[in-house]
Amino acid sequence: MTQHMPDDLWRDFPKTAQEFEARFATEEDCRAYWIEARWGGKPACAHCSSTRVWTIREGTTFECAECGHQTSLTSGTLLEKTRKPLKVWFRAVFEISARRNGISAMDLQRIMGFGSYKTAWSWLHKLRAAMVRPDREPLGPLVQIDEALVGGKGGPHKELVLVAAEANGRVRLAHVENNDDDTLKRYADGQIASDTHVVTDGHAGYNSKSLGKRPHDAVVQSKAERRENDAVQSCHWTISLLKRWLLGTHAGAVRDKHLQAYLDEFAFRHNRRKTNGVARIAARVIEGLVASQPLPGWVLVEKTIPCRWFDVAQPEPSR
Ligand SMILES: [Zn+2]
């Protein structure tokens, strides 16, 4: 693994645009931070892990003194094969982190001065991929689960999204094809700790097959009861914020096949909504860029398969 980011590296990250300009004024500044985030300051050979390496190609690559293998700064990361300097990437990270609701591809294109919309779109897609935390803790100990129909450009909402929410806490969202027992079981096992108390609205798919031994309250409510005391209120709030975000920041232009990436960004931001300032978010995004595998090219063009959530390796619950 390439993840060596010290837990407190984010503390050192600039908090304002002015600080950012000063801290990352040159490509060397950005490289030093990247090397700290990726290798804890000591670049290592990707082939034999030796740290006896020397810098070649104007600092973009390390050659190993033991085996001769050449390791580039970005190989094996989300920024593999990028032709743009890290300085430009850092700028983009700062721009998307500084805005509470994120940014559309069109705005990023304008701010960064990119020649094409396509470039801005694929940059945002990589940055979104960096927002999926590989080691995320399962939700608990009290979680609501609900579902919503979202998306459907210019037409009725039609894509099914599962929402799990801790009360006033973190959320997880998954774009799924249906809500049968098997799908719900994979969702629950991947996202929700096994001893969690679950509350649902009583949909039949939430049962001992899908939820296992988790204690479960199925609360069937009338509209009036729900107005009074909504049993899955955290889910309903999340869904309404999600819909507003898709329509607002992204003008409803999210394609179904990319929906999961947007859900990941939404959850990333939502779960950090109490975090003050841009520094922590930006540092986490860079950590994600460093620690995640490159996206295959086909993800960055028009052929992404739907319901990507089930293709992302799900972590073992760590508690
Ligand atoms: Zn080597």
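To keep things clear, this report deals only with the structure shown in the data block. Note that the structure is predicted; figures quoted are calculated from it, not measured.

Now for the side chain of Ser97. Mapped onto the elements of the fold, Ser97 is located in helix α3 (residues 86-98). What makes Ser97 buried here is its relative accessible area of 6%. Contacts of Ser97, omitting those with residues within four sequence positions, involve Val278, Ile281, Ala282 and Val285.

Coordination of the zinc ion by the protein involves Cys45 (SG), Cys48 (SG), Cys64 (SG) and Cys67 (SG), with metal-donor separations of 2.3 to 2.4 Å. Given four donor atoms and angles of 101 to 118° at the metal, the environment of the zinc ion is assigned as tetrahedral. Each donor residue of the zinc ion belongs to the same chain, and together they define the spacing C-x2-C-x15-C-x2-C. In this pair, Cys45 is assigned in the loop between α2 (27-39) and β1 (53-56) and Cys64 in strand β2 (residues 61-64), connecting sequence segments 19 residues apart. Pair check on accessibility: Cys45 and Cys64 agree, each one buried.

We now examine the pairing of strand β6 (residues 171-176). Burial analysis of β6 places six of its six residues in the buried class, the great majority of the element. Taken together, the six bridges between strand β5 (residues 159-166) and β6 define a ladder with antiparallel strand orientation. Looking across to β6, one finds that Ala164 is bridged to Arg172. Connecting the antiparallel pair β5 and β6 is a turn made up of four residues, with Asn168 showing a positive phi of about 55°.

Further remarks concern the environment of Leu124. Secondary-structure assignment places Leu124 in helix α5 (residues 117-129). We classify Leu124 as buried; its relative accessible area is 4%. A C-alpha to C-alpha distance of 6.7 Å links Leu124 and Ala105, two positions 19 residues apart in sequence. If near-sequence neighbours (up to four positions away) are discounted, Leu124 is found in contact with Ile96, Ile103, Ser104, Ala105 and Leu108.

So, on to the packing of aromatic side chains. Using the criterion set out here, one finds 12 aromatic pairs in the structure. Arranged with centres 5.5 Å apart and planes meeting at 90°, the rings of Phe24 and Tyr33 form a pair that is edge-to-face. Residue class for Tyr33 comes out buried when judged on its relative accessible area of 1%. Members of the aromatic cluster, each reached through a chain of ring pairs, are Phe13, Phe20, Phe24, Tyr33, Phe90 and Phe94. Lying across the ring of Tyr262, Arg128 places its NZ or CZ 3.9 Å from the centre. Positioned over the ring face of Phe268 is Arg272, at 4.0 Å from the centre of the ring.

For the rest of this paragraph, the subject is unusual backbone geometry. Excluding glycine, most residues fall at negative phi; most peptide bonds, likewise, are trans. That bond from Gly140 to Pro141 is cis: its omega, -10°, falls within 30 degrees of zero. Here Pro141 lies in the loop between α5 and β4 (142-150). The backbone of Glu58 sits at a positive phi, close to 55°, despite the residue not being glycine. According to the relative accessible area criterion, Glu58 is exposed, its value standing at 77%.

Each value, and the rule that gives it
- Each chain carries its own residue numbering, running from 1 in the direction its sequence is written.
- The predicted nature of this model means local features are confined to residues of pLDDT at least 70 and side-chain atom pairs, given and counted, to a pLDDT of 80 or more, with totals for whole chains, interfaces and linings taken over all residues.
- For the side-chain quantities, the full set of heavy atoms in the structure was used; hydrogens and water were omitted.
- A run of H or I in DSSP counts as a helix once it spans at least four residues, and a run of E counts as a strand once it spans at least two, with each numbered from the N terminus.
- Any residue under 20% of the maximum accessible area for its type is buried, any over 50% is exposed, and the rest in between are partly exposed; the area is computed with a 1.4 Å probe on protein chains only.
- Contacts are assigned to residue pairs with any non-hydrogen atoms lying within 4.5 Å of each other.
- Metal coordination here is assigned from N, O and S atoms located within 2.8 Å of the ion, or within 3.2 Å for Na, K and Ca; omission of water means that sites may look incomplete.
- All geometry calls rest on donor angles, where a four-donor set with angles between 85 and 135 degrees is tetrahedral, four- and six-donor sets with opposite donors more than 155 degrees apart and all others between 65 and 115 are square planar and octahedral, and all else is irregular.
- Strands were regarded as paired on the criterion that DSSP finds at least two bridges between them.
- Pairing of aromatic rings covers Phe, Tyr and Trp, the last counted by its six-membered ring, and requires centre-to-centre distances within 6.5 Å; plane angles under 30 degrees mean stacked, over 60 mean edge-to-face, and any other angle means tilted.
- Think of it as a cone above the ring: NZ of Lys or CZ of Arg counts as a charge over the ring if it is within 6 Å of the ring centre and within 35 degrees of the ring normal.

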